[in-house]
Amino acid sequence: MGEAITRNVGTFGVDANGEATSGLNHEGESTEATPRGGAPRTSEEVRESGRSKGGACSGAKSIQPTSHGRSRKDKAKPYCIMRTEVLEAYYKVKSNKGAAGIDDETIEDFEKDLKRNLYKVWNRMSSGSYFPPAVRTVMIPKASGGKRGLGIPTVADRVAQMVVKNRLEPLVEPLFHPNSFGYRPKNSALDAVGWAQQRCWSFAWVCDLDIKGFFDNLDHDLMMRAVRKHVTDKWIILYIERWLKASAQDEEGNLVKRVRGTPQGGVISPLLANLFLHYAFDRWMVKKWKHLPFERYADDIIVHCRGKWEANLVRAGVEKRLRECSLELHPEKTKLVYCKDSNRQESHPHEKFNFLGFTFRPRKATTRKGGYFCSFSPAISPEAAGKIRDEIRSWKLHRRTAQSIAELAKEINPKLRGWFNYYGRFNPSALRPIERYVGQSLVRWACRKYKTLRQHRTRAWKWLLRVMDRQPDLLALWAPSRSAVSTIGAV
């Protein structure tokens, strides 16, 4: 039976460059397969694949159906999962990179026997015998202090989760609320920040909601109810339930049974989180507070209110709703914020909040005619700026005197470009301290590399400005729109 299944399904393959192929055309290999009780099939027949009406799947065109209208090959695999789906899932997992799971197998290790590894995933998933291994838990620091657990599945498990995600996402994505921005196609964190900025100008109050340990406390029964509402494929329901119950392995190697929550770091977890909060929050808000806009990025939520009385009502209502869904608001991080600007002159205890790496607070702004006014707007948060400085410091540029400035720029430009493209969207002038910090690091590098600049910091700054004039595109932060004054200001 096992050999017959292998012949009918075909194989995954790896070409000369190490890239995975569909396995349907292997030069030098026989393309004929003889099903039990049937005639040999040509490569053209093998290349045909599809799904039977009964929900079972074959890797090739069905031949000689039985009295029940299904071939013996169809009955061999109870769940219809195409090999191409597993291959596409692998490519996405590879592009996302990621660390090794509990088996210490990296993506590079997985690729060494790619054909066999992908076949294992497909064969077990399509037969219903796939059981996810334990998820490796790594403690990482939180922006607000303390640590949180990040779950890292194995590479094979990430491929399996991606297969399910690719099937589930088209079913539930059209249902999600337009104010839900997290982990969705064509939506981004910058979109959420932009809408929050515009709505803060129209609404005087913000209810900044923080769900306490959302990914760790997600209720499995409620989650599966939401999944079953939209999914008819039994294998998707089966594997989602297994992933929710998969054990976690802590940093000491102990296995912890999971009765609530979903690993924050799993491929399927963000989609499940969006589906859960679609019913727990989004639809509830539309029903109870239809006139109040909000922005939700996963479990980070901002609700805009007309007055403090309304913000208090929203907070109390959301707190009650989350309790019904076995969740709770963080008592310290959840707060009501007054959006103070030139037209709102009152004073309140909370006049700023953080959202997706930006701090919203009253800021000095310029009118079109050159005047000044107070605007409630976002800019890079002090916590995010501190993390960037820490990472720049970890590069130790001043010690890398064996490299040229062009080589340094090539190495650090992807990071700099990412930071400035994201945080520079709103109030880019707030990034000038980061620009100066990079400039200081390069000046220290120049003073150690060139004898004529040693112990001459001012001369080194002038040298750096000359390099900037000659090669304005060398570093990502040296865009023509940026002023040289912002860099030389660190002298």
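It should be emphasised that the depicted structure is a prediction, and the values quoted were computed from it without experimental measurement.

What counts, and at which threshold
- By convention here, each chain's residues receive numbers from 1 onward along its written sequence.
- For this predicted model, a pLDDT threshold of at least 70 governs which residues receive local features, and a threshold of 80 or more governs which side-chain atom pairs are given and counted, while totals over whole chains, interfaces and linings are taken from all residues.
- Remark: hydrogens and water are excluded; side-chain values derive from all non-hydrogen atoms of the structure.
- Every helix listed is a DSSP run of H or I at least four residues long, and every strand listed is a run of E at least two residues long, numbered separately from the N terminus.
- With a 1.4 Å probe rolled over the protein chains alone, any residue whose accessible area is under 20% of its type maximum counts as buried; one over 50% counts as exposed, and the rest are partly exposed.
- Contacts are assigned to residue pairs with any non-hydrogen atoms lying within 4.5 Å of each other.
- Definitions used for this entry: grid spacing 1 Å over protein atoms alone; cavity, a set of points where a 1.4 Å probe fits but cannot get out; pocket, an open set with protein on both sides within 12 Å along at least 5 of 7 lines; lining residue, one with an atom within 4 Å of a point.
- Grid points are joined across faces, edges and corners, and a volume is the space filled by probe spheres set on the points.
- When residue character is reported, Ala, Val, Leu, Ile, Met, Phe, Trp, Tyr, Cys and Pro are called nonpolar, Asp, Glu, Lys and Arg charged, and the others, Gly included, polar.
- Definition of nonpolar core: a set of buried residues of the types Ala, Val, Leu, Ile, Met, Phe, Trp, Tyr and Cys, connected through side-chain atoms within 4.5 Å.
- Any two strands with at least two DSSP-identified bridges between them are counted as paired.
- Inter-axis angles, ranging from 0 to 180 degrees, are taken between N-to-C directions of lines fitted to C-alpha atoms, where helices are fitted over the stretch in contact.
- Roughly parallel here means an angle under 35 degrees, roughly antiparallel means over 145, roughly perpendicular means 65 to 115, and every remaining angle is called oblique.
- Left-handed describes a crossing whose near helix is turned anticlockwise from the far helix through less than a right angle; right-handed describes the clockwise counterpart.
- Here a pair means two rings of Phe, Tyr or Trp (six-membered ring of Trp) with centres within 6.5 Å. Their orientation is stacked below 30 degrees between planes, edge-to-face above 60, and tilted elsewhere.
- Criterion for a salt bridge: a side-chain nitrogen of Lys or Arg within 4 Å of a carboxyl oxygen of Asp or Glu.

**Student:** Quick question: what am I supposed to make of the overall build of the protein chain here?
**Tutor:** Scanning the protein chain from terminus to terminus reveals 18 helices and 15 strands. In the protein chain, which comprises 491 residues, the proportion classed as buried is 48%. The contacts in the protein chain between residues at least 6 apart in sequence include a share of 64% that link residues at least 24 apart.

**Student:** Explain empty space enclosed by the protein to me, please; I cannot follow it from the model alone.
**Tutor:** Over the atoms, a rolled probe matching the size of one water molecule traces out where space is still vacant. Under the criterion given, the structure shown has 2 cavities of 30 Å³ or more. Every residue along the wall of the largest cavity is listed here: Val135, Pro153, Asp157, Gln161, Trp243, Ala246, Thr262, Pro263, Gly266, Ile268 and Ser269. When grouped by side-chain class, the residues that make up the lining of the largest cavity number 6 nonpolar, 4 polar and 1 charged.

**Student:** Can you walk me through the nonpolar core in this structure?
**Tutor:** The tendency in soluble globular proteins is for nonpolar side chains to be buried as a group. Formed by 73 residues in total, the largest nonpolar core has its most connected members in Met125, Phe214, Met223, Val227, Ile240, Phe276 and Val303. Here this core takes 11 residues from helix H12 (residues 269–288), the largest share from any one element. If near-sequence neighbours (up to four positions away) are discounted, Phe276 is found in contact with Phe214, Leu218, Asp219, Leu222, Met223, Cys325 and Leu327.

**Student:** Explain the pairing of strand E14 (residues 358–366) here, please?
**Tutor:** A regular strand places its side chains on the two faces of the sheet in alternate fashion. Sheet analysis places strand E13 (residues 353–355) next to E14, joined by 3 bridges and oriented antiparallel. From the neighbouring strand, Asn354 faces E14, where its bridge partner is Thr359. Counting the residues in the hairpin turn of E13 and E14 gives 2 residues, including Leu356, whose phi is positive at 55°. Sheet analysis places E14 next to strand E15 (residues 372–380), joined by 9 bridges and oriented antiparallel. When the bridges of E15 are listed, Phe358 appears paired with Ile380. Adjacent in sequence and paired antiparallel, E14 and E15 are bridged by 5 residues, among which Gly370 carries a positive phi angle near 95°.

**Student:** Would you explain the sheet that holds strand E8 (residues 248–249) in this entry?
**Tutor:** Sheet strands associate in pairs through backbone hydrogen bonding, adopting either a parallel or an antiparallel arrangement. Taken together, the 4 strands give an open sheet; going across it, the order is E6-E5-E8-E9, and neighbouring strands pair in mixed fashion. The open sheet terminates on both sides in strands that have one partner only, identified here as strand E6 (147–152) and strand E9 (255–256). Two elements, strand E5 (residues 135–141) and E6, share 6 bridges in a ladder whose sense is antiparallel. Across the sheet, the residue bridging to Arg136 is Ile152, located in E6.

**Student:** Could you clarify how one ought to interpret the packing of helix H4 (residues 83–96) against helix H6 (residues 114–127) in this entry?
**Tutor:** When two helices pack together, their arrangement is given by the angle between the helix axes and by the axis-to-axis distance. Direction vectors running N to C along H4 and H6 enclose 120°, while the axes themselves pass 10 Å from each other. In terms of orientation, H4 and H6 fall into the oblique class. Along this stretch, H4 crosses H6, giving a crossing that reads as right-handed. Residues Arg83, Val86, Leu87 and Tyr90 of H4 touch H6, and the partners they reach there are Leu114, Leu118, Val121 and Trp122. Residues belonging to the contact of H4 with H6 are distributed by class as follows: 7 nonpolar, no polar and 1 charged.

**Student:** Would you explain the packing of aromatic side chains in this entry?
**Tutor:** The geometry of an aromatic ring pair is captured by two quantities: the separation of the ring centres and the angle between the planes. Under the counting rule described, the total for this entry stands at 21 aromatic pairs. Here Tyr90 and Phe110 contribute two aromatic rings whose centre-to-centre distance is 5.9 Å and whose plane-to-plane angle is 25°, an arrangement assigned as stacked. With Tyr90 in helix H4 and Phe110 in helix H5 (residues 107–112), this residue pair connects regions lying 20 residues apart in the sequence. Exposure remark for Tyr90: the relative accessible area of 2% places this residue in the buried category. Taking the relative accessible area as the measure of exposure, Phe110 reaches 1% and is therefore buried. Seen in terms of ring centroids, Trp445 and Trp463 are 6.2 Å apart; in terms of plane orientation they differ by 40°. Their pairing is tilted. Of this pair, Trp445 sits in helix H16 (residues 432–449) while Trp463 sits in helix H17 (residues 457–470), placing them 18 residues apart in sequence. Here Trp445 matches Trp463 in class, with each residue buried. An aromatic cluster is present here, built from Tyr130, Trp235, Tyr239 and Trp243 joined pairwise through their rings.

**Student:** What's the story with the pattern of salt bridges in this structure? I'm lost.
**Tutor:** Think of it this way: side chains of opposite charge can pair up when their charged atoms draw near. Overall, the coordinates contain 18 salt bridges when judged by the stated rule. Among the salt bridges present, the one from Glu111 reaches Lys94, with a minimum N-O distance of 2.8 Å. Of the two residues, Glu111 sits in helix H5 while Lys94 sits in helix H4, which places them 17 residues apart along the sequence. Between Arg306 and Glu310 there is a salt bridge whose closest N-O contact spans 2.6 Å. Among the charged side chains, a salt-bridge network with shared partners connects Glu85, Arg167 and Asp233.

**Student:** Can you help me understand unusual backbone geometry in this one?
**Tutor:** What you tend to see is this: most non-glycine residues have negative phi, and most peptide bonds are trans. The phi torsion at Lys97 lies on the positive side, around 60°, for a residue other than glycine. Inspection of the secondary structure assignment puts Lys97 in the loop between H4 and H5. Positive phi values are uncommon outside glycine, yet Lys186 reaches one of about 65°. Relative to the assigned elements, Lys186 resides in the loop between helix H7 (155–172) and helix H8 (189–202).

**Student:** When you look at the environment of Lys245 in this model, what are you seeing that I'm missing?
**Tutor:** Relative to the helices and strands, Lys245 resides in helix H11 (residues 234–245). On a C-alpha basis, the gap between Lys245 and Pro132 in space is 9.3 Å, while along the polypeptide they are 113 residues apart. Sequence-distant contacts of Lys245, defined by excluding residues within four places in its chain, comprise His220 and Arg258.

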